[in-house]
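Per-entry structural report
Now for the letters of each chain:
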Amino acid sequence: MARGKPIYEGKAKILYEGPEPGTLIQFFKDDATAFNGERHAILEGKGVLNNRISEFIMTEIERIGIPTHFIKRINMREQLIRAVEIVPLEVVVRNVAAGSLCKRFGLTEGEALPRSIVEFYLKDDKLGDPMVSEDHITAFSWANPQEIDDMMAYALRVNDFLSGLFSAVGIRLIDFKLEFGRQYEGEMMRLILADEISPDNCRLWDSKTNEIMDKDRFRKDLGGVVEGYREVAKRLGIWRDSDERSDTNGPVLVASNDGNNR
Ligand code: UDP
């Protein structure tokens with residue numbers, strides 16, 4: 001599938017014009033950044049794993065009736081997606097205390113929260129993605145009250161569903177970040193899930209040992225980042241050791257492992 005001009009390059013992905021109007025191609029890079037870009041590394045194979053994991057999760061989420069931008073995976077590093085107008089917010093759902101929540105409220109990492117908590121952050125690297133209230137969101141027109149309700153409801157449904165999906169393979173879903181986009185169809189507009197869902201934007205701990213299997217391995221300089229992501233993919237049943245050999249920078253791949261639409 002021919003991709004068009006690059007239209008946006010982010011920290012971990014590049015967006016290209018898609019083959020049809022209203023579509024884009026999302027390319028997963030191996031770049032990892034943390035602390036607002038202060039730490040950067042190339043982690044060979046990360047993009048391939050995130051493409052695969054995000055494909056699987058988005059497909060499962062569609063299956064429970066939540067609309068997403070995902071159309072199909074094209075090859076090892078690219079997926080076809082619906083073009084959306086990104087809502088400039090990051091929606092974080094938390095089940096267990098970790099990261100910035102611990103710093104803000106003096107909690108111990110790993111403490112179970114009394115209930116799942118949804119937070120909104122403004123997507124703005126220059127400002128360091130500040131946390132915002134619903135009043136900020138509506139006053140500055142980043143989203144309207146109906147969209148806030150929809151994002152909260154979708155986020156909690158995704159949380160329930162993913163908590164179960166990961167729990168079944170021995171992984172605790174500590175927290176995660178979602179992004180939403182507006183899709184226009186004539187006069188109609190609907191909110192759909194966008195971006196990616198992968199160990200880059202989830203905290204995932206082994207249920208028995210609490211071993212970290214997500215991007216915190218990079219943030220905390222623990223090493224074995226790609227190994228952690230690979231273990232997540234293996235447990236989800238979407239990665240085999242033989243997939244290693246087909247890890248390339250481009251769409252060249254071993255057909256036997258990539259033709260199964262997973
Ligand atoms: N997160 C993300 N992108 C961001 C900030 C956070 O994907 O720019 C994810 C992060 O991986 C974690 C959750 O959102 O799963 C909550 O992150 P937190 O607010 O604790 O921030 P952090 O400690 O990661 O800076």
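See the structure printed just above.
Residues numbered from 1 in each chain as written. Predicted model: local features only at pLDDT ≥ 70, side-chain atom pairs only at ≥ 80, totals over all residues. Heavy atoms only, no water.

This next bit is on the side chain of arginine 73. By the element assignment, arginine 73 lies in strand E6 (residues 70-73). At a separation of 2.8 Å, a polar atom in the side chain of arginine 73 contacts the side chain of glutamate 55. Of the polar contacts made by the side chain of arginine 73, one reaches the backbone oxygen of asparagine 75; its length is 3.4 Å. (Helix = DSSP H or I, 4+ residues; strand = E, 2+ residues; numbered from the N terminus. Polar contact = N/O pair within 3.5 Å; in protein donor to acceptor, adjacent residues only side chain to side chain.)

Attention now goes to the sheet that holds strand E2 (residues 13-17). One open sheet holds the 5 strands; their spatial order is E1-E2-E3-E7-E6, and the pairing between them is antiparallel. Whereas interior strands pair on both sides, the edge strands pair on one side only; in this sheet they are strand E1 (6-9) and E6. Recorded for the sheet is a direction-independent mean angle of 25 degrees between the axes of neighbouring strands. Pairing geometry for E2 and strand E3 (residues 23-28), over 5 bridges, is antiparallel. Opposite lysine 13, over in E3, you have phenylalanine 28 as the bridge partner. Along the sheet face, helix H1 (residues 46-63) touches E3, E6 and strand E7 (78-82) and points at about 135 degrees away from the line of E6. (Pairing = 2+ DSSP bridges. Axes fitted to C-alpha atoms, helices over the stretch in contact; angles between N-to-C directions. Contact = heavy atoms within 4.5 Å.)

All right, on to the site of the ligand then. Inspection of the region around the ligand gives 16 residues, with Arg94, Ser100, Asp175, Arg203 and Arg219 positioned closest. At a separation of 2.6 Å, an oxygen atom of the ligand approaches a polar side-chain atom of serine 100. The side chain of arginine 219 places a nitrogen or oxygen atom 3.0 Å from an oxygen atom of the ligand. If the ligand stood free it would expose 500 Å²; the protein chains cover 78% of that surface. Among the secondary structure elements, those contributing two or more residues to the shell around the ligand are strand E9 (89-96), helix H2 (99-105), strand E12 (171-185) and strand E14 (202-206). (Near = heavy atom within 4 Å. Areas by Shrake-Rupley, 256 points an atom, 1.4 Å probe, with all protein chains shown as cover.)

Before going further, it helps to spend a moment on the nonpolar core. Of all hydrophobic cores here, the largest spans 52 residues; its most connected members are Leu89, Met151, Phe166, Leu178, Phe180 and Ile197. The leading source of residues in this core is helix H4 (residues 145-167), at 8 residues. The residues contacting methionine 151, other than those within four sequence positions of it, are Val87, Leu89, Val91, Phe120, Ala143, Phe180 and Leu191. (Core = buried A, V, L, I, M, F, W, Y, C linked by side-chain atoms within 4.5 Å. Buried < 20%, exposed > 50% of the residue type's maximum accessible area, 1.4 Å probe, protein only.)

It is worth spelling out the state of the cysteines at this point. Counted according to the given criterion, the structure contains 0 disulfides. We note that cysteine 102 lacks a disulfide partner, and the nearest cysteine sulfur, in cysteine 202, lies 17 Å from it. Residue cysteine 202 is classed as buried on the basis of its relative accessible area, which comes to 4%. (Disulfide = S-S within 2.5 Å.)

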